[in-house]
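Architecture at a glance
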There are 2 protein chains.
Amino acid sequence: MDPVALIVQKYGGTSVADPDRMRAVAENVAFTRRHGNDVVVVPSAMGKTTDNLIKLANDVSKTQPGREMDMLITTGERISMSLLCMALADLGIEAVSFTGSQAGIITDSMHGKAKILEVKGDRVREALAAGKVCVVAGFQGISIEKEITSLGRGGSDTTAVALAASLAADSCEIYTDVTGVFSADPRIVPQARKLARVNFDEMLEMAGAGSRVLALRSVEFARNHNVPVHVRSAFTWEPGTWVTDQERSMEEPIISGVVTDTTESKVTIVAVPDRPGIAAALFEGLAAANVNVDMIVQNTSQDGTTDISFTMPKADMATAESIVGRVAAEIGARGVSHDSDIAKISLVGAGMKTSPGIAAKMFRTLADESVNIEMISTSTIRISVVTAASGLERAARALHTAFGLDSGQAYSAPLPERK
Amino acid sequence: MDPVALIVQKYGGTSVADPDRMRAVAENVAFTRRHGNDVVVVPSAMGKTTDNLIKLANDVSKTQPGREMDMLITTGERISMSLLCMALADLGIEAVSFTGSQAGIITDSMHGKAKILEVKGDRVREALAAGKVCVVAGFQGISIEKEITSLGRGGSDTTAVALAASLAADSCEIYTDVTGVFSADPRIVPQARKLARVNFDEMLEMAGAGSRVLALRSVEFARNHNVPVHVRSAFTWEPGTWVTDQERSMEEPIISGVVTDTTESKVTIVAVPDRPGIAAALFEGLAAANVNVDMIVQNTSQDGTTDISFTMPKADMATAESIVGRVAAEIGARGVSHDSDIAKISLVGAGMKTSPGIAAKMFRTLADESVNIEMISTSTIRISVVTAASGLERAARALHTAFGLDSGQAYSAPLPERK
């Protein structure tokens with residue numbers, strides 16, 4: 001290990017929710033610094049601050065230009081970071097805060113969900129060289145038009161990983177309110193285990209399948225720049241889950257986890273004329289309205305018509321409903337049906353690439369539990385099915401058991417801890 | 001009047017304290033805009049926001065570096081300005097918000113009480129030219145080292161007047177929770193009248209004498225750049241008080257108002273050796289600690305020693321006490337006494353320049369009320385006395401009556417209203 005390592009630490013909203021928690025975080029930063037590491041900290045807004053700001057905006061106005069919303073909600077992280085610097089000063093640690101603009105986090109101009117184009121980080125490097133802890137506002141950047149932008153939900157994870165990549169940090173620690181990445185959501189599958197390690201591809205599929213532990217974009221960034229990420233708890237400080245590029249060894253299990261997601265709705269367009277360009281017309285309209293379509297299934301054509309089903313966030317239904325209705329009429333479909341009472345259940349595991357029969361075993365397990373499958377979608381290391389919401393717990397627990405996730409330390413020993 | 005006038009409007013914290021008030025302010029901005037004016041708005045932080053942020057900092061840390069405090073407390077105005085833009089959008093008014101940095105409000109580096117060095121305002125001018133209402137964060141700027149700075153209490157008034165000066169605005173409206181500048185504080189002198197007009201010099205003396213209606217620095221700015229200021233209420237919207245460079249006419253009364261102030265303490269250094277450099281040693285130390293010394297009185301020397309008394313803000317007593325004690329010991333004074341139970345009462349009026357006997361009449365009036373005078377200080381258009389706090393109401397009311405302020409419209413008609 002390097003004599004001086006550079007660690008980027010990100011703290012979630014619950015980790016800095018009140019003055020006591022803020023001081024506890026400062027203690028951990030000070031501990032890391034005093035052990036000879038250079039430290040860059042990315043705090044989220046305190047507790048419910050961002051939600052409260054959005055509520056305030058709703059109370060003031062029905063019209064909420066994206067630029068002004070970003071001006072508003074990016075204040076939450078500024079409050080956190082300045083308070084954290086003060087708490088660090090109390091502990092005798094010299095710290096300096098930087099807004100997204102001051103840290104040179106350059107984004108595109110998509111207010112509310114801006115993408116990071118570049119991290120300049122000049123002032124951060126200078127401050128680190130001067131021996132200071134740097135505290136950088138998460139969730140925000142500045143566009144090339146010099147407007148303040150926000151990165152959307154999970155944006156602070158992305159800020160932290162992007163900074164770690166740009167500064168060539170040795171690792172990026174994501175402190176949150178869970179102790180790591182689990183083999184299933186413990187609220188749904190009580191026998192779920194914490195994973196000591198997953199690789200980037202698995203984590204990507206888990207995030208895509210609905211795991212909320214790490215934001216999808218931050219995992220993409222970590223994979224693309226090979227930033228080792230350590231997901232851990234700011235409440236227990238115990239070792240969490242390492243997310244790295246390490247390939248799994250032969251002895252490790254095929255499946256890393258069962259991921260469940262109840263935030264989506266299913267939309268079916270019934271009896272669509274089966275001719276070229278129909279799907280394009282539909283999904284272009286939704287994309288233009290920034291609706292994030294997830295699974296798409298088109299059934300085999302029957303008598304010249306076909307059914308198209310897709311899933312999308314329940315939160316976007318209001319926006320999508322009118323678009324889908326309009327397009328369905330335009331293309332001469334018979335009708336549109338919605339079902340928000342669904343669950344998506346996914347098996348994720350890099351081992352399934354070389355293991356045939358995983359899908360068959362999954363479908364058999366679900367059949368044995370009398371859980372009906374409504375949609376199926378697969379990737380090389382993931383299989384997802386949509387079922388009725390009522391079958392979620394039964395299905396998730398049965399799959400967890402069937403794929404040997406319930407017991408035993410299936411992974412090799414955790415990576416050496418930095419502390 | 002110009003076909004297109006440029007109006008700068010500043011709204012105080014109580015004027016934008018909640019969503020309803022924020023919308024009422026937006027209505028007034030929209031009204032001003034729809035009457036053909038270009039409008040720049042400077043909102044303060046909502047209600048107690050700044051105080052709450054300071055309390056949060058106190059809860060987190062005893063160590064509060066000025067840079068981080070400024071990073072923290074400047075968020076309040078950002079919240080206000082983005083919300084105001086949204087409320088304006090709801091009314092169909094295109095508005096755009098600018099931070100101090102984006103508006104090009106360049107300050108020195110004195111965190112917590114920075115001074116404006118320059119207002120660039122390029123983005124504000126461009127947005128005005130594009131037909132937009134500009135909403136600029138009050139109370140903040142950016143230093144030449146690109147650090148975020150705050151201007152101290154009353155800073156939003158200064159932002160508004162500085163912007164008005166830089167943009168050559170036709171007037172600067174200061175909306176607050178009182179209806180204008182009064183001949184005395186109506187809570188102390190019930191018969192106080194609203195003044196239709198005062199000139200810059202009088203307003204400067206009133207602010208210096210303790211009137212809280214306008215921040216002293218903003219009046220200096222207005223006078224130096226000849227910006228007509230209209231102080232008025234955001235609750236009644238009635239015409240308030242114009243502060244301009246207009247000289248008073250012969251018929252107007254000698255005295256404009258009685259200003260009272262109970263925020264200061266008196267410090268007396270007893271039996272100081274009477275030799276050169278003593279006062280310098282004392283006040284240099286206080287200046288270095290940023291203690292704002294107000295009145296200074298040195299009594300006639302007796303047997304080689306002298307007493308030095310001065311007044312200063314009660315809020316700075318903790319800081320000042322140790323400095324004064326140390327200096328007093330160094331210079332061989334016999335002791336130091338403090339009195340925080342005092343009041344300062346001032347008569348202000350441009351007319352007194354050419355009217356002899358004002359001071360004598362003031363002292364006689366106080367004597368008739370058995371109010372003892374402890375200190376006296378004068379300028380060409382102001383006389384201030386320090387008395388025991390218990391005599392404040394009696395003294396202020398008697399002076400108000402004695403100088404003919406109780407009744408009658410003593411000023412000429414108000415300037416034409418812009419609306």
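Just so you know, these numbers come straight off a predicted model, no measurement behind them.

Here's the deal with the sheet that holds strand E18 (residues 342–348) of chain A
All names here are of chain A.
- Reading across the sheet, the 4 strands line up as E13-E18-E20-E19 and stay open at both edges, with antiparallel pairing between neighbours. With partners counted over all chains shown, the strands left at the sheet margins are strand E13 (257–261) and strand E19 (373–379), one partner each. Strand-to-strand twist of the sheet, defined as the mean angle between neighbouring strand axes without regard to direction, takes the value 20°.
- Two strands pair when backbone bridges link them, and E18 and strand E20 (residues 382–388) are joined in this way by 7 bridges, in the antiparallel orientation. By the bridge assignment, Ile342 is partnered in E20 with Ala388.
- Packing of helix H8 (residues 200–208) onto the sheet brings it into contact with E13, E18, E19 and E20, and relative to E18 it is tilted by some 175°.
- Across the face of the sheet, helix H12 (residues 358–368) comes into contact with E18, E19 and E20 while running at roughly 20° to E20.

Description of the interface of chain A and chain B
- If you look at the interface, chain A gives 27 residues, while chain B gives 27 residues.
- Where the side of chain A that touches chain B is concerned, the elements lending two or more residues are helix H1 (19–34), helix H2 (49–60), helix H3 (66–73) and helix H4 (75–90) of chain A.
- Top element by residues in the side of chain A that touches chain B is H4 of chain A. It accounts for 10 residues.
- Taken together, the residues that form the side of chain A that touches chain B break down as 15 nonpolar, 6 polar and 6 charged.

Section: the packing of H2 of chain A against H4 of chain A
Residue and element names in this part refer to chain A.
- H4 packs onto H2 with a crossing angle of 145° between their chain directions and a minimal axis gap of 9 Å. Crossing angle aside, the handedness with which H2 passes H4 is right-handed. Every residue of H4 that contacts H2 at Thr49, Thr50 and Leu53 is listed here: Thr75, Gly76 and Ile79.

Considerations on unusual backbone geometry
Residues and elements named next belong to chain B.
- We note that Lys146 has phi near 65°; this positive angle belongs to a residue other than glycine.
- Tracing the sequence through the fold places Lys146 in the loop between strand E7 (140–143) and strand E8 (148–150).
- Backbone geometry at Asn226 places phi at a positive 50°, although glycine is not the residue there.

Focus on the environment of Thr236 of chain B
- With respect to the helices and strands, the residue Thr236 of chain B is situated in the loop between strand E11 (229–233) and strand E12 (241–244).
- Sequence separation between Thr236 of chain B and Val178 of chain B is 58 residues; the distance between their C-alpha atoms is 9.0 Å.

Focus on the relation of the copies chain A and chain B
- Once chain A has been moved 0.0 Å along the axis and rotated by 180°, it coincides with chain B to within an RMSD of 0.1 Å. As the rotation angle and translation indicate, the two copies are arranged about a two-fold axis. Using C-alpha coordinates, one finds that chain A approaches the rotation axis most closely at Thr75 of chain A, a distance of 2.8 Å.
- By residue overlap, the copies meet face to face through one surface: 100% of the interface positions of chain A are interface positions in chain B.

A closer look at helix H11 (residues 317–330) of chain B
All names here are of chain B.
- Helix length check: H11 (14 residues) gives 20 Å between terminal C-alpha atoms against 20 Å at 1.5 Å per residue, within 8%.
- Burial in H11 covers these residues: Ala320, Val324, Val327 and Ala328. Looking straight down H11, one finds its buried side chains confined to an arc of 100°; they lie on one side. More than 90 degrees from the buried face of H11, the exposed residues found are Ala318, Ser322, Arg326, Ala329 and Glu330.
- Contacts from the buried residues of H11 go to strand E14 (264–273), helix H10 (278–288), strand E16 (305–313) and strand E17 (335–339).
- Gly332 lies just past H11 and shows a positive phi near 75°.

Some thoughts on the sheet that holds strand E1 (residues 6–11) of chain A
Residues and elements named next belong to chain A.
- The strand order across the open sheet built from 8 strands is E3-E6-E2-E1-E9-E11-E12-E10, with neighbouring strands paired in mixed fashion. In this open sheet, the two strands that pair with only one neighbour each are strand E3 (95–98) and strand E10 (197–199). Sheet twist, expressed as the average angle between the axes of neighbouring strands with direction ignored, equals 20°.
- Here E1 pairs with strand E9 (residues 171–176) via 5 bridges, running parallel. Following the sheet pairing, Ile7 is matched in E9 by Ser171.
- Packing against the sheet, helix H7 (residues 155–166) makes contact with E1, strand E2 (38–43), strand E6 (133–136), E9 and strand E11 (229–233), and its axis sits at approximately 175° to E1.

Reading the values: the criteria
- Residues numbered from 1 in each chain as written.
- Chains lettered and ligands numbered in written order.
- Predicted model: local features only at pLDDT ≥ 70, side-chain atom pairs only at ≥ 80, totals over all residues.
- Pairing = 2+ DSSP bridges.
- Helix = DSSP H or I, 4+ residues; strand = E, 2+ residues; numbered from the N terminus.
- Axes fitted to C-alpha atoms, helices over the stretch in contact; angles between N-to-C directions.
- Contact = placed C-beta atoms within 7 Å.
- Nonpolar A, V, L, I, M, F, W, Y, C, P; charged D, E, K, R; others polar.
- Left-handed = near helix turned anticlockwise from the far one by under 90°.
- Least-squares fit on C-alpha atoms with pLDDT ≥ 70 in both.
- Expected span 1.5 Å × (residues − 1).
- Buried ≥ 20, exposed ≤ 12 C-beta atoms within 10 Å, placed from the backbone.
- Arc of directions from axis to C-beta.

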